[in-house]
Amino acid sequence: EAGVVQSPRYKIIEKKQPVAFWCNPISGHNTLYWYLQNLGQGPELLIRYENEEAVDDSQLPKDRFSAERLKGVDSTLKIQPAELGDSAVYLCASSLSTSTGELFFGEGSRLTVL
Amino acid sequence: GENVEQHPSTLSVQEGDSAVIKCTYSDSASNYFPWYKQELGKGPQLIIDIRSNVGEKKDQRIAVTLNKTAKHFSLHITETQPEDSAVYFCAASNSNYQLIWGAGTKLIIKP
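Reading guide: rules and limits
- Residues numbered from 1 in each chain as written.
- Chains lettered and ligands numbered in written order.
- Predicted model: local features only at pLDDT ≥ 70, side-chain atom pairs only at ≥ 80, totals over all residues.
- Heavy atoms only, no water.
- Pairing = 2+ DSSP bridges.
- Helix = DSSP H or I, 4+ residues; strand = E, 2+ residues; numbered from the N terminus.
- Axes fitted to C-alpha atoms, helices over the stretch in contact; angles between N-to-C directions.
- Contact = heavy atoms within 4.5 Å.
- Buried area = accessible area lost by both parts, 1.4 Å probe.
- Salt bridge = Lys/Arg side-chain N within 4 Å of Asp/Glu carboxyl O.
- Nonpolar A, V, L, I, M, F, W, Y, C, P; charged D, E, K, R; others polar.
- 1 Å grid on protein atoms, 1.4 Å probe; cavity = no way out; pocket = protein on both sides within 12 Å on 5 of 7 lines; lining within 4 Å.
- Points joined across faces, edges and corners; volume = space filled by probe spheres on them.
- Buried < 20%, exposed > 50% of the residue type's maximum accessible area, 1.4 Å probe, protein only.

> How would you explain the sheet that holds strand E8 (residues 75-79) of chain A if you had to name every residue and give the values?
All names here are of chain A. Read from one edge of the open sheet, four strands run E1-E3-E8-E7, paired in antiparallel fashion. Because the sheet does not close on itself, it has two edges, and the strands there are strand E1 (5-7) and strand E7 (65-68). Here the strands of the sheet are splayed against their neighbours by 15° on average, with no regard to which way each runs.

> An account of the interface of chain B and chain A is needed here, citing residue identities and associated values.
Facing 17 residues of chain B, the contacting portion of chain A comprises 19 residues. Across the chain B to chain A interface the summed buried area is about 1,300 Å²; carbon plus sulfur atoms make up 53%. It is B:Pro44, B:Tyr97 and B:Trp101 that lose the most area in chain B upon contact with chain A, and together they represent 32% of the buried surface on that side. Applying the counting criterion to the chain B and chain A interface returns zero salt bridges. Elements that contribute at least two residues to the side of chain B that touches chain A include exactly strand E4 (32-38), strand E5 (45-51) and strand E10 (99-101) of chain B. For the side of chain B that touches chain A, the element with the most residues is E4(B), which contributes three residues. Partitioned by chemical class, the residues of the side of chain B that touches chain A number nine nonpolar, six polar and two charged.

> Explain empty space enclosed by the protein to me, and be specific about the residues and the numbers.
Residue and element names in this part refer to chain B. Applying the stated criterion to the full structure yields one cavity of 30 Å³ or more. Roughly 40 Å³ of volume is contained in the largest cavity. Around the largest cavity sit Glu 2, Asn 3, Val 4, Tyr 25, Ser 26, Asp 27, Ser 30, Ala 92, Asn 94 and Ile 100, which together line it. Here the residues of the lining of the largest cavity sort into four nonpolar, four polar and two charged.

> Run through the pairing of strand E4 (residues 31-37) of chain A, naming residues and quoting values.
Both faces of the sheet carry side chains from a regular strand, because those side chains alternate between them. Residues and elements named next belong to chain A. Of all seven residues in E4, seven are buried; the element is thus mostly enclosed. A two-sided burial pattern is seen for E4, the buried positions comprising Thr 31, Tyr 33, Tyr 35 and Gln 37 on one face and Leu 32, Trp 34 and Leu 36 on the other. Sheet topology note: the E4/strand E5 (residues 44-50) ladder contains six bridges and is antiparallel. Within E5, the position partnered with Tyr 33 by the bridge is Arg 48. Connecting E4 to the next strand, E5, in antiparallel fashion are six residues, including Gly 40 with a positive phi near 80°. Across seven bridges, E4 lies against strand E9 (residues 88-95) in antiparallel orientation.

See the structure below:
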């Protein structure tokens, strides 16, 4: 069974440029999460989807970040414009549902903003 | 607000010895406590979890204990091996199914 797939794995951009990350969750998983992880810290939730509905986006900086999950499967996370402080690893995870427990993470997309 | 404190931030043990990582949580309504292992360049992976109706759970060399009264839970790894070297995260799930994560423990296994 394929795991959670993220792309790109690495992205280097200059500040004020846009960037987008893509996530393909495990087939059949209704819940999809985007997390931000800074070096030496735990993951921080940005947004959680139940199917195509964003049910928790309270931590998403909506002035520059946006996300979508078309047809309740793949998801994209966009930053426009990127700032120096956005340099981090962006992790996507999926689970069967919110209440089932285990999250399956992708390998992450490492963003460097110069 | 809700938070999870994790200690120590770095733990170095001799191969074959035991390792213990401790976490405390603030939300008394938390009912699910997973532990994740993260290897370099990879996403976290669940290694064991426990729910609030259980005090202890064991899976081969790994065990988790939960003290609801004190709001503590711990990860125990026995007979440590080089492949146990990684960063370990504890987390607690609140009543809204949100996971609150600890800051992580870097476990180093010395040969």
